[in-house]
Amino acid sequence: MSAVLSYLLWPFVVVAGTGATYLGLESGYPLPAVFFATGAGMLACVLIAEPLIPRRLDWNALADRQSINDLGHALVANLLGERVGELVFLTLAASAAGGLSALLGGSLWPGHWPPLVQIGLAVFIGDGLDYWTHRLLHTVPGLWRIHALHHGITQLHAFKAARLHATNLLARFVLVYAPLVVLGAPARVIFWHTSFISILGVIGHSNTRVRLPSAVHRLVMTPQVHALHHSIDRTLSDSNYANILPIWDIVFGTFSAPGRHTPGEVGVRDDPIPEGFLAQLLSPFTWKHLVKESASGRA
């Protein structure tokens, strides 16, 4: 039974999550409601599967003392980071899009294309922008402090996908979603990029022993690919930045193949992130008291 689950879990989560998103949008539910319902459903499926086919027996979402903090960060990031991103940055981007459209005599976005093609284009462009945003968060001095929270872990499980600082989400709004809005992409089209990150993120951070053909690792972000990104080995953690399409890592030379590397332990050496929730929220602003990283980028 466990062998069957190992083969079926990943495709089930991806297909079910995609199908649930489609049905929710077609039924006319608000985008936040669709996002929350689909995410909660996929999280429940993965949490049930983790004890049945664990990658490591010593990783346990329910026993991890940081799990409550992880959920707290998800709440703050969505209530604060996403709301501010929508109200401020996307509003400004929409205004810029209107001005650009008036200047050019029309929108740059191919709104006459079939919806499925528009979604594919938005996901492709969005993931490319997200790749560079993610890479900058790792390599530009000063930016690592808003992303370090996500890497300051000692185990992987489903809750870790939600462990993002609110400012991390704001960076995505500014550098990924705002440019798509300026181009004229509709909100429902952009939403699919957000949805795929959520669906792949839950299973991608999970403590599950999923089995996939090796070719899949180069087509879509998988748990094996993302585990390398969370490795305590800097060479590996500074790779596999794409959250949906590994083609961006392959093109720009930052792809680490699961078959050639072993993630080993996860986390950050000399991790500067404190254990308390409030201290974690403040960590990007108290960094000078916390950071112990080298001058090669994480400083």
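Remember, predicted model here, so these are calculated numbers, not experimental data.

Helices and strands together make up the secondary structure of the protein, namely 11 helices and zero strands. The N-to-C order of helical and strand elements in the protein reads α-α-α-α-α-α-α-α-α-α-α. Relative to its 299 residues, the protein shows a buried fraction of 48%. Across the protein, contacts joining residues at least 24 apart in sequence account for 74% of those joining residues at least 6 apart. Surface summary for the protein: the accessible area is close to 13900 Å², and the carbon and sulfur share equals 70%.

This part covers the nonpolar core. Nonpolar side chains tend toward joint burial in soluble globular proteins. Formed by 42 residues in total, the largest nonpolar core has its most connected members in Leu9, Trp10, Val13, Tyr177 and Ile203. Elements with a contribution of two residues or more to this core: helix H1 (2-26), helix H2 (31-49), helix H4 (115-139), helix H6 (166-183) and helix H7 (187-204). The element best represented in this core is H7, accounting for nine residues. With residues up to four places along the chain from it excluded, the contact list for Leu9 reads Ala49, Ile53, Ile203, Thr208 and Val210. In this structure, Trp144, Ala148, Val268 and Trp287 belong to the second largest nonpolar core, which totals six residues.

Turning next to the packing of H4 against helix H5 (residues 144-151). Contact pair H4 / H5: the axes reach a minimum separation of 7 Å and the direction vectors enclose 100 degrees. Regarding the angle of H4 to H5, the classification is roughly perpendicular. Mapping the contact onto sequence places His134, Leu137 and His138 in H4 and Trp144, Ile146, His147 and His151 in H5. When its residues are assigned to classes, the contact of H4 with H5 shows three nonpolar, four polar and no charged.

Cut-off values and rules
- Residues numbered from 1 in each chain as written.
- Predicted model: local features only at pLDDT ≥ 70, side-chain atom pairs only at ≥ 80, totals over all residues.
- Heavy atoms only, no water.
- Helix = DSSP H or I, 4+ residues; strand = E, 2+ residues; numbered from the N terminus.
- Buried < 20%, exposed > 50% of the residue type's maximum accessible area, 1.4 Å probe, protein only.
- Contact = heavy atoms within 4.5 Å.
- Areas by Shrake-Rupley, 256 points an atom, 1.4 Å probe, with all protein chains shown as cover.
- Core = buried A, V, L, I, M, F, W, Y, C linked by side-chain atoms within 4.5 Å.
- Axes fitted to C-alpha atoms, helices over the stretch in contact; angles between N-to-C directions.
- Parallel < 35°, antiparallel > 145°, perpendicular 65-115°, else oblique.
- Nonpolar A, V, L, I, M, F, W, Y, C, P; charged D, E, K, R; others polar.

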